[in-house]
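The chain contents come next:
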Number of protein chains: 2
Amino acid sequence: MSPHKPHPPKALAFDVFGTVVDWHRGVATEAASLAARHGVALDASAFANDWRAGYPVAMDRVRRGELPWTHIDGLHRMILDGIVGRHGLDMLDESERSHLNRAWHRLPAWPDTVGGLLRLKRHFTITTLSNGNFSLLTEMAKNAGLPWDCVVSAELFGHYKPDPETYLGCARLLDVAPGDLMLVACHPSDLRAARSNGLRTAYVKRPKENGPGTRLPEVAEGEFDWVAEDFGHLADLMENP
Amino acid sequence: MSPHKPHPPKALAFDVFGTVVDWHRGVATEAASLAARHGVALDASAFANDWRAGYPVAMDRVRRGELPWTHIDGLHRMILDGIVGRHGLDMLDESERSHLNRAWHRLPAWPDTVGGLLRLKRHFTITTLSNGNFSLLTEMAKNAGLPWDCVVSAELFGHYKPDPETYLGCARLLDVAPGDLMLVACHPSDLRAARSNGLRTAYVKRPKENGPGTRLPEVAEGEFDWVAEDFGHLADLMENP
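Conventions used here
Residues numbered from 1 in each chain as written. Chains lettered and ligands numbered in written order. Predicted model: local features only at pLDDT ≥ 70, side-chain atom pairs only at ≥ 80, totals over all residues. Helix = DSSP H or I, 4+ residues; strand = E, 2+ residues; numbered from the N terminus. Buried ≥ 20, exposed ≤ 12 C-beta atoms within 10 Å, placed from the backbone. Axes fitted to C-alpha atoms, helices over the stretch in contact; angles between N-to-C directions. Parallel < 35°, antiparallel > 145°, perpendicular 65-115°, else oblique. Left-handed = near helix turned anticlockwise from the far one by under 90°. Contact = placed C-beta atoms within 7 Å. Nonpolar A, V, L, I, M, F, W, Y, C, P; charged D, E, K, R; others polar. Least-squares fit on C-alpha atoms with pLDDT ≥ 70 in both. Expected span 1.5 Å × (residues − 1). pLDDT = per-residue confidence, 0-100. Domains from an automatic or database assignment. Pairing = 2+ DSSP bridges.

> I'd like a description of the environment of Asp236(B), backed by residues and values.
All names here are of chain B. Along the polypeptide, Asp-236 turns up in helix α9 (residues 231–239). On the basis of neighbour counts, which here come to 15 C-beta atoms within 10 Å, the residue Asp-236 falls in the partly exposed class. Sequence-wise, Asp-236 and Arg-195 are 41 residues apart; in three dimensions their C-alpha atoms are separated by 22 Å.

Right under this line is the structure:
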C-alpha cells in the first residue's frame, strides 16, 4: 500500500489498452490465424508490437494538428496498411484488413479484470477513459463482459490523452471534482498527465503488456497514490483504504 | 406485431424518463416524504406532474438559445425553485432542495424494465438516448440496476432532443447507420423526430407515466415500426422478427 493514504475517490476512470485488456495476445492471435490461412510464417508477437508502436505516433499527429480528428479505428487502419508489407501480409484484401482492424474491438480481458471491476463497481462509479473510439469501447465491453457504469472516450472531447481536455472532460461528465476522480493505468505517462490535471492515480503493473519481452516502466517510489499488482489487488487496496 | 416487418436494427437507444423509469412515482414518493417531515399536506402526484411539466418548456428555452446550455440537473433545479411556493414547500432549505433535485437520479425502473433490457442486450447494443445529463443517467443506472452497454446523453452533443444532432450523434458514436438504430420511447413526439432523421422506432405504452390520471397519447396505426405493451413484450417482438 502507498505510504500516504489519500481520501478515496468517488469515481475510477480506466485506461483500457494494456490496462484492462491484453491487446498483445488479442492482436497476435488473430493475426497469426489470418497469416496461417495464407501460408505466411508470421512473427505474430512482433507484428502486434509493430502495430501498437504506430499508435502513439499517429495520435500525436492528430494532437499536433497534422491530421484532422481521426478516430482510433481509422488510425489503426492507416498503421495496418503501413506495416502489412514488411510482415509478408500485403496480400490481405479489403475485407480481411477490415476484419483484422476490428481485432481491437475483440481484445480479451486480463484474467483479473472482470472480477476486479465487479468488486470496484460496488464502491465506485467505474468508467473507461481511453483513446479508443466510443463504439470500439462499447463493443469491446460487450465482447469481454466488462461491467462499466458508462463508457467515456477521447472521441467525446475531440482530444486524445494526454491532452487535459480528456481528464477534465471525464470529471465534468461524471460531475465530480478532478480530485475525486482516479485514473487507473499501467502507463506512467498517462498517470503523470492525469496527476498534473488534479486527478488521483493508481498504477497497475502489467508485466506482459507487450508479450514475452515486456519491460516494466520505471516508476518512482510514492509517485502515484496507489500501486497495485492487478485489479484484484487494487480492489483489496480500495476496499481497505 | 406491426403489419410490416422491418429488418432488425443493430442498436437500440432508449428514451429514459417515463420509458425506462417511473419518474412520477419516484418524485412523488420523495416529495411526499419531505413534505411530511415539514407537516405539509402535499398533493404529491400534482407536485410531480407540475415539476415534470416545466421540463419541456425549460429545454425549449435552451433549444431556442434563450438560455445557454444548461444540463437537466440545472433545469430541474430552476423549475423546482419556481414551483415550491405554490405547493406550500417554500420552507425547504438549500440542502433539502439539492437533495430533492437529485430524486431524478434515484428514479425506480418500471417492473418490466430490467428483465426486458437484459433480454434485449443479448441481441443488440443497448444505450440510453436521453436529455438527462450524463452523470444523472450513470447514477440512475447504478441505482436501478439498468444494464446499459453505454450511456448516451444529449449533453454529449450540446443539443436536446428533438434536435437532429441527438439522434444522428448517437448513431455516429455507435458507428451504425441511422437506419440501423432504433429509438424506444413512450413519447410519440420523440419517435416522430427520430423517424424523420432516419431511425427505426418502437413505441412502448406507459399507461401510468403521469400517475393515476395518465391519458395514453394518440398513435396512428402503423406509424411506428414496432408497438409494445412493455419491455418484455418488446423483447418478444425483437427476438421473433
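> Give me the packing of helix α1 (residues 23–37) of chain B against helix α2 (residues 44–63) of chain B: which residues, what numbers.
All names here are of chain B. Between α1 and α2, the shortest axis-to-axis distance is 8 Å and the interhelical angle comes to 120°. As the angle between them shows, α1 and α2 are arranged oblique. As α1 packs across α2, the resulting crossing turns out to be right-handed. Here Trp-23, His-24, Val-27, Ala-28, Ala-31 and Ala-32 of α1 come into contact with α2, specifically with Ala-44, Ser-45, Phe-47, Ala-48, Trp-51 and Arg-52. Tallied by class, the residues present in the contact of α1 with α2 amount to 9 nonpolar, 2 polar and 1 charged.

> Please set out the relation of the copies chain B and chain A residue by residue, giving values where relevant.
In screw terms, the move from chain B to chain A is a rotation of 180° and a rise of 0.0 Å along the axis, fitting with an RMSD of 0.0 Å. Here the copies are linked by what is in effect a two-fold axis. Measuring from the rotation axis to each C-alpha of chain B, the shortest distance belongs to Cys150(B), at 2.6 Å.

> Explain helix α6 (residues 134–144) of chain A residue by residue, including any values.
For α6(A), the tally of buried residues reaches 8 of 11 residues, placing the bulk of the element in the interior. On its buried face, α6(A) is in contact with α3 (72–83) and β2 (125–128) of chain A together with β2 (125–128) and α7 (164–174) of chain B. Looking one or two residues past α6(A), Gly145(A) carries a phi angle of roughly 70°, positive in sign.

> Pulling in residues and values, what's your account of α2(B)?
All names here are of chain B. Spanning 20 residues, α2 covers 29 Å between terminal C-alpha atoms, matching the ideal 28 Å at 1.5 Å per step. Where α2 is concerned, the buried positions are Ala-44, Phe-47, Ala-48, Trp-51, Ala-58, Met-59 and Val-62. Where α2 is buried, its residues meet α1 and α3 (72–83). Downstream of α2 by a residue or two, Gly-65 has a phi angle that is positive, lying close to 85°.

> Outline the confidence of the model for chain A, supporting the account with residue identities and numerical values.
Mean pLDDT over chain A stands at 95; residues scoring 70 or higher make up 97%. Under the prediction, the complex receives an ipTM of 0.94, its pTM being 0.95.

> Go over the domain arrangement of chain A with me, naming the residues and quoting the values.
When the parts of a complex come together, some accessible area is lost, and that lost area is often used as the size of the interface. All names here are of chain A. Under the domain assignment used here, chain A contains domain 1 (11–22 + 108–239) and domain 2 (23–105). A straight line from the C-alpha centre of domain 1 to that of domain 2 covers 23 Å. The residue inventory of the side of domain 1 that touches domain 2, partitioned by class, reads 7 nonpolar, 8 polar and 5 charged.

> Give a description of the pairing of strand β1 (residues 11–14) of chain B that names residues and reports values.
Successive side chains on a regular strand alternate, one facing one side of the sheet and the next facing the other. Residue and element names in this part refer to chain B. The alternating pattern of β1 places Ala-11 and Ala-13 on one face and Leu-12 and Phe-14 on the opposite face, and all of these are buried. Taken together, the 4 bridges between β1 and β2 define a ladder with parallel strand orientation. The partner of Phe-14 across the bridge, within β2, is Thr-128. Looking at chain direction, β1 and strand β3 (residues 181–185) are connected through 4 bridges and run parallel. Its bridge partner lying in β3, Leu-12 is registered against Met-182.

> Account for unusual backbone geometry, with residues named and values stated.
Here the residue pair Lys161(A) and Pro162(A) is connected by a cis peptide bond, since its omega of 10° sits within 30 degrees of zero. Of note, Pro162(A) is situated in the loop between α6 and α7 (164–174). At Asp175(B), a position not held by glycine, the phi torsion is positive, near 60°. Relative to the helices and strands, Asp175(B) is located in the loop between α7 and β3.

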